[in-house]
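Overview (structure and organization)
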Amino acid sequence: MDVFIGSLRKCILMNNFTENNIKDLLSKINYIVKNYEKDEVIAIEDSHCAKIGILLDGNVEVQKIYASGKNITISKLNIGNIFGEVIIFSNKNKYPATIISSNNSKILFISKENILKLCSISPIFLNNFMALLSNKILMLNRKVKSMSYQTLRQKICFYIIEQYKFQNNSTIKLNMTKKEIAEQLGVPRPSLSRELINMKNENLIEMNKNTITIKDINYMYELLD
């Protein structure tokens, strides 16, 4: 158990818990730790979800795989990240996408019954779990709002403003590649790059390799009104 306590402390479910608190919590439930190799499938789309997963080591990707063979990475999970937390309590508790190990990874699984047990014995854990679900709802709302914008520029401005609010800085750090940003926005990567160049030429932004500096935030807000 001691070898993965450090990873669990990065998980939102363990906020405000000491290492001893975490050990005590885990001693009260049944859980499973599984190892996965690079490119190994952890869960297949439409398969039954009976447990939440907490990433202890490595990285995993949530992918949408189409019949044509095309794969789109919806999100990437790092140490401490969770999957299955919303699905497990839904009426249709099936995975909406496929989860694949990006490299050698280790995942701790906790069943629905044991999640409920932890919520009943620890108000702090319950609060953390509710915060996790609330954050997920807000994130989904942002994605829906992003999809509601019709033009590529609107989608880009929405993404930039969201990062500006989150990072509280007019120079935002890009924590994803342009390919990943394009997939998140649902647009082709070349189109994204061209539009960013157009916005730079119009003096709306400045771009470096891993940053975007906002030059005209008012324009972006007005475009989204």
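Residues numbered from 1 in each chain as written. Predicted model: local features only at pLDDT ≥ 70, side-chain atom pairs only at ≥ 80, totals over all residues. Heavy atoms only, no water.

This brings us to the environment of Lys-155. Following the sequence through the fold, Lys-155 ends up in helix α5 (residues 152–167). Within the local environment of Lys-155, its side chain forms a polar contact with the backbone oxygen of Tyr-149, the two atoms lying 3.1 Å apart. (Helix = DSSP H or I, 4+ residues; strand = E, 2+ residues; numbered from the N terminus. Polar contact = N/O pair within 3.5 Å; in protein donor to acceptor, adjacent residues only side chain to side chain.)

Our next topic: the side chain of Ser-122. Of note, Ser-122 is situated in the loop between α3 (112–121) and α4 (123–148). Setting aside chain neighbours within four positions, we find Ser-122 in contact with Phe-17 and Leu-25. (Contact = heavy atoms within 4.5 Å.)

As a further point, take the nonpolar core. Judged by nonpolar contacts, the single largest core of 39 residues is most densely connected at Leu-8, Leu-13, Ile-54 and Phe-125. Tyr-159, Ile-181, Met-220 and Leu-224 belong to the second largest nonpolar core, which has 23 residues in total. (Core = buried A, V, L, I, M, F, W, Y, C linked by side-chain atoms within 4.5 Å. Buried < 20%, exposed > 50% of the residue type's maximum accessible area, 1.4 Å probe, protein only.)

Looking now at the sheet that holds strand β1 (residues 32–36). Strands sit in the order β1-β8-β3-β6 across an open sheet of 4 strands; the sheet is antiparallel. Two strands close off the open sheet at either side, each with one partner strand: β1 and β6 (82–83). Here strand β3 (residues 51–57) pairs with strand β8 (residues 105–111) via 6 bridges, running antiparallel. Its bridge partner being in β8, Ile-54 is matched across the sheet by Leu-108. α3 rests against β3 and β8 of the sheet, and its axis sits at about 75° to β8. (Pairing = 2+ DSSP bridges. Axes fitted to C-alpha atoms, helices over the stretch in contact; angles between N-to-C directions.)

How two helices sit against one another is set out by the angle between their axes and by the gap between those axes. Their axes nearest at 10 Å, the elements α5 and helix α7 (residues 189–201) cross at an angle of 75°. One element, α5, and the other, α7, form an angle in the roughly perpendicular class. Across the interface between the two elements, Leu-152, Arg-153, Ile-156, Cys-157 and Ile-160 of α5 pack against Ser-191, Leu-192, Glu-195, Leu-196, Asn-198 and Met-199 of α7. Residue composition of the contact of α5 with α7, grouped by class: 7 nonpolar, 2 polar and 2 charged. (Parallel < 35°, antiparallel > 145°, perpendicular 65-115°, else oblique. Nonpolar A, V, L, I, M, F, W, Y, C, P; charged D, E, K, R; others polar.)

Of the two faces of strand β7 (residues 98–101), the one holding Thr-98 and Ile-100 and the one holding Ile-99 and Ser-101 are both buried throughout. Pairing of strand β4 (residues 60–65) with β7, which is carried by 4 bridges, proceeds in the antiparallel orientation. The partner of Glu-61 across the bridge, within β7, is Ile-100.

With that settled, the discussion passes to the pairing of β3. Burial runs high along β3: 5 of the 7 residues are buried. With 2 bridges joining them, β3 and β6 adopt antiparallel strand pairing. The residue of β6 that forms the bridge with Gly-53 is Phe-83.

Under the criterion given, the structure shown has 8 salt bridges. Linking Asp-24 and Lys-28 is a salt bridge whose minimum nitrogen-to-oxygen distance equals 2.9 Å. For Asp-24, a relative accessible area of 41% gives the class partly exposed. Between Glu-45 and Lys-64 there is a salt bridge; the shortest N-O distance is 2.7 Å. Separated by 19 residues along the polypeptide, Glu-45 in the loop between β2 (41–43) and β3 and Lys-64 in strand β4 bring together distant segments of the chain. Residue classification places Glu-45 among the partly exposed residues on the basis of a relative accessible area of 24%. One connected set of salt bridges, linked through shared partners, spans Glu-61, Lys-76 and Glu-180. (Salt bridge = Lys/Arg side-chain N within 4 Å of Asp/Glu carboxyl O.)

No statement about biological role is implied by the geometric values presented.
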